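Notes for the structure review
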Amino acid sequence: MRLPIFLFKDLSSKLVLRWAVALLGFSFALGAEKPNVIVIMADDLGYGDISAYGTKSFQTPNIDKLAKGGQRFTNGYCSASTCTPTRYSFLTGTYAFRKPNTGIAPPNSPALIQPGTETLPSVMQKAGYRTAVIGKWHLGLGGPEGPDWNGELKPGPREIGFDYNFLLPTTNDRVPQVFVENSRVLNLDPKDPLWVGNKKPSDDHPTGLTHRDSLKMDWTHGHNSTIHNGISRIGFYTGGHAARFRDEDLADEWVNQSVKWIEANKDEPFFLFFSSHDLHVPRIPHERFQGATDLGYRADSIVQLDWCVGELMKTLDRLKIADNTLVVFCSDNGPVMDDGYADEALERVGKHRAAGPYTGGKYSVYEGGTRTPFITHWKGRIQPGVSRQLVSTIDFAGSLAALTGVELDDDACLDSIDVMDALLGKPGAKGRDHLVQQDNGKGGNYGLRVGKWKLQRHDSKSARNLVVETHLANTKVPEYQLFDLSKDPAEKNDLYAKEAKVAKRLTKQLAGLIDKGRSR
Ligand code: NG6
Ligand code: CA
């Protein structure tokens, strides 16, 4: 029996199509690589804060080793100069300024990333990875009414792509001092429920104001509410005593939990977001690191962070997975000296310049706010060297999707660019051609980096720009400024009027990038 010719034709073209798709998929999968990935994100670490980036005031041998054996970026950025917006865009691949309420999250903040959002970890899950976040979260927990501290803290990381989480909920200068493992507060005694709020729970509740003399580290601004471990914090809490940790033990806990999780997942591709709290305030390093430097607890916390990096790398070597693991080291925003506690960071800074050659730091859209240490390391795979390519923490979603063979939906990760080849240090590989920087997202302060040019835009008249070299200062700046970073890395010489053509082009480009709602 002969099939009618049109049916045969139809069948064959369908088959050919199917083979073509299968073949394509096969070659795509062949091209895909699935190394383990660890992103180590420091907190408030500036461009000049480690010896590999120039400080001579103390040593960071483990991070230096990472830099020496991998690519050390001199144009590596986080996307914002405070924590929450950088972390939001790191995980979602979308600039935080596109979303309302993504500034510094308060203790009772609801989850800022909604379930269903494509995220860096959900991309990795699609690629077949096991995923975890261990350390500081600061992206809110729970539904619109905020976290149910004594119940299930959902949505949280596990609803947006992480298989496992072991967290400090916000920052350690904010209440409460408890760990969240998956969706629950760890070691919580139901007979001693945890209450968290922004009003004093009773008249006799001790605070940093009423019991200032009892504090082991004094506050300088804010941070004068509930006291735990001799340190007063932002916000109030009662109960949950069995669940509370000591500030001194945080770094050890992150390392222990990470080593345990890596050991348990070493046989599958894994993605670990190691979210250090060092060197955020209150800077209370473990006793064995107190006095490690001559600069006080701020630099001692950097040495503690360096130890953490060393422990993670040792673990990879011990498990013989270092040559199959891409390690990234970065920061969530630039440096700050006095961020609310009297820890002598400024008094003992000496010749150390936390932001390196750059002006500004945390809270600022000067380069010091977002240009930070940025290192990629993959033993045997990334050739050691220094890269001048422009890369940002916002690019990991797009870059790792490309590496692992996951196709991003058009409406996902709206600003995450595939710069994987640059991250891997491939010769001739290009990074981004532009990058938008922001501060905390409330004031409308932006930076636009294009080649050697840097445009600043300050929508608010009272733009805050903290200059770390001297003291916390509110500097008044014009609405627009333009700098040539090749000649003026410190952004001192405003060329906005003199270079009118460039100024006009970049002003328009920045407005377009903000208004268009996406840049990918
Ligand atoms: C500020 C805090 C500062 C720090 C920052 C968040 C005061 C006076 N200042 O509001 O200490 O906690 O928020 O830092 O309370 S971040 O790195 O998490 O963005
Ligand atoms: Ca931070």
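Residues numbered from 1 in each chain as written. Chains lettered and ligands numbered in written order. Predicted model: local features only at pLDDT ≥ 70, side-chain atom pairs only at ≥ 80, totals over all residues. Heavy atoms only, no water.

1. Details of the coordination of the calcium ion (ligand 2)
- Every protein donor of the calcium ion (ligand 2) is listed here as D43 (OD), D44 (OD), D332 (OD), D332 (OD) and N333 (OD1), and their distances to the metal cover 2.2 to 2.7 Å.
- Geometry at the calcium ion (ligand 2) is irregular, judged from the six donor atoms that bind it and their angles of 51 to 171 degrees at the metal.
- All donor residues of the calcium ion (ligand 2) come from one chain, and their arrangement in sequence is D-D-x287-D-N. Pair noted here: D43 is in the loop between β1 (36–42) and α2 (61–69) and D332 is in the loop between β12 (325–331) and α7 (367–370), with a separation of 289 residues, a long-range link. (Donors = N, O, S within 2.8 Å, 3.2 Å for Na, K, Ca; no water. Tetrahedral: all angles 85-135°; square planar, octahedral: opposite > 155°, others 65-115°. Helix = DSSP H or I, 4+ residues; strand = E, 2+ residues; numbered from the N terminus.)

2. Focus: empty space enclosed by the protein
- Considering all chains together, one arrives at six cavities of 30 Å³ or more under this definition.
- Considering only enclosed or pocket space, the largest cavity measures out at about 90 Å³ in volume.
- Of all elements in the fold, only α5 (250–265) and α6 (297–318) reach the threshold of two or more residues within the lining of the largest cavity.
- The element best represented in the lining of the largest cavity is α5, accounting for three residues. (1 Å grid on protein atoms, 1.4 Å probe; cavity = no way out; pocket = protein on both sides within 12 Å on 5 of 7 lines; lining within 4 Å. Points joined across faces, edges and corners; volume = space filled by probe spheres on them.)

3. Observations regarding the nonpolar core
- If you look at the biggest cluster of nonpolar residues, it comprises 102 residues, and the most contacted ones within it are W137, I262, F271, F329 and L400.
- Looking at this core, the element that brings in the most residues is α6, giving eight residues.
- Not counting residues up to four positions away in its chain, the partners in contact with I262 are I38, F270, L272, L312, T315, L319 and I321.
- One finds I394, L495, L506 and L510 within the second-largest nonpolar core, a separate group that totals 21 residues. (Core = buried A, V, L, I, M, F, W, Y, C linked by side-chain atoms within 4.5 Å. Buried < 20%, exposed > 50% of the residue type's maximum accessible area, 1.4 Å probe, protein only. Contact = heavy atoms within 4.5 Å.)

4. Focus on the packing of α5 against α6
- At a minimum axis separation of 10 Å, α5 and α6 run at an interaxial angle of 15 degrees. Regarding the angle of α5 to α6, the classification is roughly parallel. Seen along the crossing, α5 lies across α6 with a hand that is right-handed. Contacts from A251, D252, V255, S258, V259, I262 and E263 in α5 reach Q304, W307, C308, E311, L312, T315 and R318 in α6.
- By residue class, the composition of the contact of α5 with α6 is seven nonpolar, three polar and four charged. (Axes fitted to C-alpha atoms, helices over the stretch in contact; angles between N-to-C directions. Parallel < 35°, antiparallel > 145°, perpendicular 65-115°, else oblique. Left-handed = near helix turned anticlockwise from the far one by under 90°. Nonpolar A, V, L, I, M, F, W, Y, C, P; charged D, E, K, R; others polar.)

5. Thoughts on the site of ligand 1
- Close to ligand 1 lie 19 residues, the nearest being C83, D173, R174, D339 and K362.
- A distance of 3.2 Å separates an oxygen atom of ligand 1 from a polar side-chain atom of D44.
- H280 places a polar side-chain atom, nitrogen or oxygen, 3.0 Å from an oxygen atom of ligand 1.
- Relative to its unbound accessible area of 450 Å², ligand 1 is 84% covered by the protein chains.
- Partitioning the shell around ligand 1 into residue classes produces five nonpolar, seven polar and seven charged. (Near = heavy atom within 4 Å. Polar contact = N/O pair within 3.5 Å; in protein donor to acceptor, adjacent residues only side chain to side chain. Areas by Shrake-Rupley, 256 points an atom, 1.4 Å probe, with all protein chains shown as cover.)

6. Points about the pairing of strand β3 (residues 130–136)
- Burial of β3 is extensive: six of the seven residues sit out of reach of the surface.
- Where β3 meets strand β11 (residues 270–275), six bridges bridge the pair, whose relative direction is parallel. Directly across from R130, in β11, lies its bridge partner F270.
- Bridge count for β3 against strand β4 (residues 164–168) is five bridges, and the pairing is parallel. Across the sheet, residue A132 finds its bridge partner in β4, namely Y164. (Pairing = 2+ DSSP bridges.)

7. Section: the environment of A397
- Take A397: it is sitting in helix α8 (residues 396–404).
- The spatial distance from the C-alpha of A397 to the C-alpha of L506 is 26 Å, given a sequence separation of 109 residues.
- Setting aside residues up to four positions removed in sequence, A397 forms contacts with L120, V123, C413 and S416.

8. Quick notes on the packing of aromatic side chains
- The final tally for this structure, using the stated rule, is 18 aromatic pairs.
- Summarising the aromatic geometry, the rings of F90 and F396 are spaced 5.9 Å apart at their centres and angled 85 degrees between planes, so their arrangement reads as edge-to-face. Residue F90 is located in helix α3 (residues 83–92), and its partner F396 is located in helix α8; the two are separated by 306 residues in the primary sequence.
- Between the aromatic rings of F166 and F179, the centroid separation amounts to 4.9 Å while the plane-to-plane angle is 40 degrees, which identifies the pairing as tilted. Of this pair, F166 sits in strand β4 while F179 sits in the loop between β4 and β5 (180–181); the two residues are 13 residues apart in sequence, bridging distant segments of the chain. The pair F166 / F179 is uniform in exposure class, with both members buried.
- Ring pairs connect the aromatic residues F73, F90, F273, F374 and F396, which therefore count as one cluster.
- Seen from the ring of Y53, R72 lies directly overhead, with NZ or CZ sitting 4.8 Å from the centre.
- Over the ring of W307 we find R288; its NZ or CZ atom is 4.6 Å from the centre of that ring. (Phe/Tyr/Trp six-rings, centres within 6.5 Å; stacked < 30°, edge-to-face > 60°. Lys NZ or Arg CZ within 6 Å of the ring centre and 35° of its normal.)

9. A few points about the domain arrangement of the protein
- What the domain assignment reports for the protein is domain 1 (36–196 + 238–423) and domain 2 (435–516).
- For domain 1 versus domain 2, the separation of C-alpha centres amounts to 26 Å.
- Between domain 1 and domain 2, the contact holds 36 residues from the first and 31 residues from the second.
- Among the residues of domain 1 in contact with domain 2, F97, V365 and Y366 are the three that bury the most area, contributing 27% of the side total.
- On the surface where domain 1 and domain 2 come into contact, there are one salt bridge.
- Salt-bridge contacts for E367 lead to K454; the nearest nitrogen and oxygen are separated by 2.8 Å.
- Counting across the interface, domain 1 meets domain 2 through 18 residue pairs in polar contact (both at pLDDT 80 or more). (Domains from an automatic or database assignment. Buried area = accessible area lost by both parts, 1.4 Å probe. Salt bridge = Lys/Arg side-chain N within 4 Å of Asp/Glu carboxyl O.)

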